[in-house]
Amino acid sequence: MNTSPTALPTLFLSAQDVATLVHRLGLPAALDRLADTIRADYLRWPAFDKSARVASHSVDGVIELMPIADDTTYAFKYVNGHPRNTRSGLPTVMAFGVLADVDTGVPVLLSELTLTTALRTAAMSVVAARPLARPDSRRMALIGNGAQSEFQALSFHHLMGIDEIRLYDTDAAATRKLMANLAGHTGLRLVPCDSIAQAVRGADIVTTVTADKTNATILTPDLIEPGMHINGVGGDCPGKTELHPDVLRRASVFVEYEPQTRIEGDLQHLPADFPVTELWHVLAGNAPGRTGAAQVTLFDSVGFALEDYSALRFLREAAGELGLGQVLPLIPALQDPKDLFGLLRRPEARPVALALAA
Ligand SMILES: NC(=O)c1ccc[n+]([C@@H]2O[C@H](COP(=O)([O-])OP(=O)(O)OC[C@H]3O[C@@H](n4cnc5c(N)ncnc54)[C@H](O)[C@@H]3O)[C@@H](O)[C@H]2O)c1
């Protein structure tokens, strides 16, 4: 009989833990480390067992499971997308996720991913924009000023040198909220605009991050100027898009994982043979990113499981360094791993994992 504990303790990170982690590292440093982690994992692309996420659709939204694994570590994220939620005081996007040890199946980390999804999406936008946007980009339009928007703004400001952001949202209160949240950032000029066209005119980068469960046309071809990079974040579900199909035809289109983006991205409007490039090829130097100053580039972002794997990996490392989180007695640690029933005989006994945390 094996008398040692048969399960590793699971570290739990709450939303407050992740907020503290970001505060202690500093947001620019946290975004920078996250972007480096995502890039490093994208460079290991062939090492991952990949699949399109599993989506469960309903009238007002979607709930998705996003699994991925390499030889050592398995990760999954649970995430929803319910654009009408904000009307009843709930976020549009909520998430949590797990990292597990492939050799044993032990879940080593259970973490909030609502805040982390905003961080990783903003970091990923920059990982894509670095090889795709013009290096002299300074002005960005940010269409959609909801929960994700400040993270996008600050990621592009701190990591890409964007110093002017032109804002538009159909809800003026959302734009006021963004401006109040970012008011202390000297060196970042925020310009509220009356229309999408006014916000987009003269922008080097256009980020669309709106939420509406419809095929919207936030960007039409007449708004697109030579040399623009479009970071299309909000079109991420069947029947939920942001770009007129001719915007994609006008651009060189880059995607995370092609089988998933064909279903979920703005790409869903185009035929199955419309040419796209998976971003990992660009990062690995197998395919060109931007090839000229007048080229229009488009990152058709939908959010891929690898970015959450990277984010969970980053959280585990940083939480370890900073001593954050608590050990959760999620998996029973049995004296005899074959005697699970023994837990019922001794329900008052403290699980070993909790004892380790004390
Ligand atoms: N690609 C990814 O990896 C990824 C990750 C996270 C979220 N998302 C998507 O990003 C979008 C934004 O998420 P959020 O958490 O900020 O949602 P949110 O509901 O907090 O904010 C969305 C904002 O878009 C605005 N909006 C809606 N229609 C508009 C329009 N036609 N023009 C201008 N503004 C409009 C709303 O008023 C709202 O302020 C969602 O669609 C979400 O699914 C994508």
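Nothing here was measured: the structure is a model prediction, and the numbers come from that model.

### Topic: the overall build of the protein
Inference 1: Within the protein, the regular secondary structure consists of 12 helices and 17 strands.
Inference 2: Relative to a compact globule of 358 residues, whose C-alpha radius of gyration would be 21 Å, the protein shows 22 Å and is just as compact.
Inference 3: Once local pairs closer than 6 in sequence are excluded, the contacts in the protein between residues at least 24 apart make up 72%.
Inference 4: Of the accessible surface of the protein, which amounts to about 15,500 Å², a share of 55% is contributed by carbon and sulfur atoms.
Inference 5: The averaged location of the 40 negative side-chain charges in the protein is 3 Å from the averaged location of its 31 positive side-chain charges.

### Observations concerning the sheet that holds strand S6 (residues 107-112)
Inference 1: Within the open sheet, the 7 strands sit side by side as S2-S3-S4-S5-S6-S1-S17. Their pairing is mixed. Two strands lie at the open edges of the sheet, namely strand S2 (54-57) and strand S17 (326-328), each paired on one side alone. On average, each strand axis in the sheet is tilted by 20° relative to the strand beside it, whichever way the strands run.
Inference 2: Pairing geometry for strand S5 (residues 95-101) and S6, over 5 bridges, is antiparallel.

### Here's the deal with the nonpolar core
Inference 1: Membership of the largest hydrophobic core comes to 70 residues, with the highest contact counts inside it found for Tyr42 and Ile165.
Inference 2: Mapping this core onto the domain boundaries places at least three of its residues in each of domain 1 (10-115 + 307-352) and domain 2 (134-303).
Inference 3: Filtering out sequence-adjacent residues up to four positions away, isoleucine 165 remains in contact with Met140, Leu142, Ala153, Leu188, Arg189, Leu190 and Val191.
Inference 4: Grouped together as the second largest cluster of nonpolar side chains are 29 residues, Tyr168, Leu243, Val247 and Ala251 included.

### Structural notes on the side chain of arginine 262
Inference 1: Relative to the helices and strands, arginine 262 is located in helix H8 (residues 258-264).
Inference 2: A distance of 3.3 Å separates a polar side-chain atom of arginine 262 from the backbone oxygen of alanine 272.
Inference 3: Excluding residues within four positions of it along the chain, arginine 262 makes contact with Leu267, Gln268, Pro271, Ala272, Asp273, Phe274 and Val276.

### Notes on the packing of helix H2 (residues 27-42) against helix H10 (residues 305-322)
Any two packed helices are characterised by how steeply their axes cross, that is the angle between the axes, and by the distance between the axes.
Inference 1: Packing of H2 against H10 leaves a shortest axis separation of 9 Å and a crossing angle of 130°. Considering their axes alone, H2 and H10 lie oblique with respect to each other. Considering the relative orientation of H2 and H10, their crossing is right-handed. Contacts between H2 and H10 involve Ala30, Arg33, Leu34, Thr37, Ile38, Asp41 and Tyr42 from the former and Leu306, Glu307, Tyr309, Ser310, Ala311, Arg313, Phe314, Glu317, Ala318 and Glu321 from the latter.
Inference 2: Looking at the contact of H2 with H10 residue by residue, the class counts come to 9 nonpolar, 2 polar and 6 charged.

### What to know about the site of the ligand
Inference 1: Taken together, 26 residues form the shell around the ligand, and within it Thr92, Asp169, Thr210, Asp236 and Lys240 come nearest.
Inference 2: Between glutamine 148 and the ligand, the recorded distance is 2.9 Å, taken from a backbone N or O atom to an oxygen atom.
Inference 3: Take aspartate 236: an N or O atom from its side chain is 2.8 Å from an oxygen atom of the ligand.
Inference 4: For the ligand, whose unbound accessible area comes to 860 Å², protein coverage reaches 88%.
Inference 5: The leading source of residues in the shell around the ligand is helix H3 (residues 114-132), at 3 residues.
Inference 6: Here the residues of the shell around the ligand are counted per class, giving 9 nonpolar, 12 polar and 5 charged.
Inference 7: Counting only domains with at least three residues in the shell around the ligand, you end up with domain 1 (10-115 + 307-352) and domain 2 (134-303).

### Here's the deal with the packing of aromatic side chains
Inference 1: For the structure on display, the rule yields 7 aromatic pairs.
Inference 2: Considering the side-chain rings of tryptophan 45 and tryptophan 280, the 6.0 Å spacing of their centres and the 10° angle between planes classify their relative orientation as stacked. In this pair, tryptophan 45 is assigned in the loop between H2 and S2 and tryptophan 280 in helix H9 (residues 279-283), connecting sequence segments 235 residues apart.
Inference 3: Between phenylalanine 48 and tyrosine 309 the ring centres are 4.9 Å apart and the planes differ by 85°, which places this aromatic pair in the edge-to-face class. Highlighted residues: phenylalanine 48 in the loop between H2 and S2 and tyrosine 309 in helix H10, separated in sequence by 261 residues. Taken individually, phenylalanine 48 and tyrosine 309 each receive the classification buried, so the pair is uniform in this respect.
Inference 4: The structure contains a cluster of three or more aromatic residues connected by ring pairs, namely Tyr42, Trp45, Tyr257, Trp280 and Phe304.

About the cut-offs
- Residues numbered from 1 in each chain as written.
- Predicted model: local features only at pLDDT ≥ 70, side-chain atom pairs only at ≥ 80, totals over all residues.
- Heavy atoms only, no water.
- Helix = DSSP H or I, 4+ residues; strand = E, 2+ residues; numbered from the N terminus.
- Rg over C-alpha atoms; globule rule 2.2 N^0.38 Å.
- Contact = heavy atoms within 4.5 Å.
- Areas by Shrake-Rupley, 256 points an atom, 1.4 Å probe, with all protein chains shown as cover.
- Lys, Arg positive; Asp, Glu negative; His and termini not counted.
- Charge placed at Lys NZ, Arg CZ, Asp CG, Glu CD.
- Pairing = 2+ DSSP bridges.
- Axes fitted to C-alpha atoms, helices over the stretch in contact; angles between N-to-C directions.
- Core = buried A, V, L, I, M, F, W, Y, C linked by side-chain atoms within 4.5 Å.
- Buried < 20%, exposed > 50% of the residue type's maximum accessible area, 1.4 Å probe, protein only.
- Domains from an automatic or database assignment.
- Polar contact = N/O pair within 3.5 Å; in protein donor to acceptor, adjacent residues only side chain to side chain.
- Parallel < 35°, antiparallel > 145°, perpendicular 65-115°, else oblique.
- Left-handed = near helix turned anticlockwise from the far one by under 90°.
- Nonpolar A, V, L, I, M, F, W, Y, C, P; charged D, E, K, R; others polar.
- Near = heavy atom within 4 Å.
- Phe/Tyr/Trp six-rings, centres within 6.5 Å; stacked < 30°, edge-to-face > 60°.

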